[in-house]
Amino acid sequence: MFQNKITDVFFDLDHTLWDFDKNSELAFDKIFRSQHPQINTPEFIAVYSPINHACWKLYQVDQLTHEELRYKRLRDSFDVLNYSISDEEINQMAIDYITYLPENNQLFEGAIEILNYLSNKYKLHIITNGFSEVQYKKINNSGLSGFFSTVTNSEMAGVKKPHPVIYEFALTTANVPKENAIMIGDCIEADIKGALNFGIEAIFFNPEKKEVPLGVPTISKLIELKSLL
């Protein structure tokens, strides 16, 4: 579908290649088993996941700082669970979580297979809003580092997706014109609309098969990229 003009493929990392939800649960489970054994990890995750998602939306539009995000998503979750925990404990948990999170390396099904396939045809890159200190550890620990020519994070660019400047920064770093680039990601606002508004093509990774009003190519499994690229 895009083969004739695309030379460079840009991926989001979390929730697209790197299975954030699985790895996050493993990190919290390690913390709770050693520090708060009375907490049931799946029950916590059920509360935490939507709160974390809402906090990230605020962070993407600069309504929360890096530090506020790390604190608020935990404090709000424990408040909903009516679990008594001090701010000092929360701040330490936030540090431990960021330490443990990239130790896990669960990827989405087909991630390595599709990267092997695409790397023979295109230059591959990453654009991520995740914190730089963590993202490089995730990439290295999960065996992804050898596939990507460049990795752009929001701290390098000074803005977050969907801001056009992060896309401009990534394409400049990769030395590729926008008409030869395509973005693949799981977030409609940050990855898909952000890319399209900047003027590059996009493919929506939609493993949960949500209803999407956009007329963009959509895949539910990474391996389906073979039919598009």
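Up top you'll find the structure we're talking about.
Residues numbered from 1 in each chain as written. Predicted model: local features only at pLDDT ≥ 70, side-chain atom pairs only at ≥ 80, totals over all residues. Heavy atoms only, no water.

## Here we look at the overall build of the chain
Next, step 1: Per the secondary structure count, the chain includes 9 helices and 6 strands.
Next, step 2: Taking 17 Å as the expected radius of gyration for a compact globule of 229 residues, we find that the chain reaches 18 Å, a close match to that expectation.
Next, step 3: With 229 residues in all, the chain has 51% of them scored as buried.
Next, step 4: A sequence separation of at least 24 residues applies to 67% of the contacts in the chain between residues at least 6 apart.
Next, step 5: Split by element, the accessible area of the chain, about 10900 Å² in all, is 48% carbon and sulfur.
Next, step 6: Distance between charge centroids for the chain: 5 Å, based on 21 positive and 31 negative side chains. (Helix = DSSP H or I, 4+ residues; strand = E, 2+ residues; numbered from the N terminus. Rg over C-alpha atoms; globule rule 2.2 N^0.38 Å. Buried < 20%, exposed > 50% of the residue type's maximum accessible area, 1.4 Å probe, protein only. Contact = heavy atoms within 4.5 Å. Areas by Shrake-Rupley, 256 points an atom, 1.4 Å probe, with all protein chains shown as cover. Lys, Arg positive; Asp, Glu negative; His and termini not counted. Charge placed at Lys NZ, Arg CZ, Asp CG, Glu CD.)

## Topic: the nonpolar core
Next, step 1: Formed by 57 residues in total, the largest nonpolar core has its most connected members in Phe 11 and Phe 148.
Next, step 2: For this core, the element with the most residues is helix α2 (residues 41-60), which contributes 8 residues.
Next, step 3: Residues contacting Phe 11, with those up to four places away along its chain left out, are Thr 16, Leu 17, Leu 115, Leu 118, Leu 124, His 125, Ile 126, Ile 127, Phe 148, Met 183, Ile 184 and Leu 225.
Next, step 4: One finds Ile 192, Phe 198, Ala 202 and Val 216 within the second-largest nonpolar core, a separate group that totals 19 residues. (Core = buried A, V, L, I, M, F, W, Y, C linked by side-chain atoms within 4.5 Å.)

## So, the environment of Phe 148
Next, step 1: For Phe 148, the location among the structural elements is in strand β3 (residues 148-153).
Next, step 2: Residues Phe 148 and His 125 lie 23 residues apart in sequence; the distance between their C-alpha atoms is 4.9 Å.
Next, step 3: Excluding residues that lie within four positions of it along the chain, Phe 148 makes contacts with Phe 11, Leu 17, Leu 115, Leu 124, His 125 and Ile 126.

## Quick word on the sheet that holds strand β4 (residues 181-185)
Next, step 1: The 6 strands lie next to each other as β3-β2-β1-β4-β5-β6, forming an open sheet whose pairing is parallel. Either end of the sheet is taken by a strand with one partner, and the two such strands are β3 and β6 (218-219).
Next, step 2: Taken strand by strand, helix α8 (residues 164-174) contacts β1 (8-11), β2 (123-128), β3 and β4, and its axis lies near 155° from that of β3. (Pairing = 2+ DSSP bridges. Axes fitted to C-alpha atoms, helices over the stretch in contact; angles between N-to-C directions.)

## Points about the state of the cysteines
Next, step 1: A full pass over the atoms with the stated rule returns 0 disulfides.
Next, step 2: Free of any disulfide, Cys 55 has its nearest cysteine sulfur in Cys 187, 15 Å distant.
Next, step 3: Assessed through its relative accessible area of 2%, Cys 55 is described here as buried.
Next, step 4: A residue is classified by how much of its surface remains accessible, and Cys 187, at 22% relative accessible area, is partly exposed. (Disulfide = S-S within 2.5 Å.)

Purely geometric stuff here, so don't read any function into it on its own.
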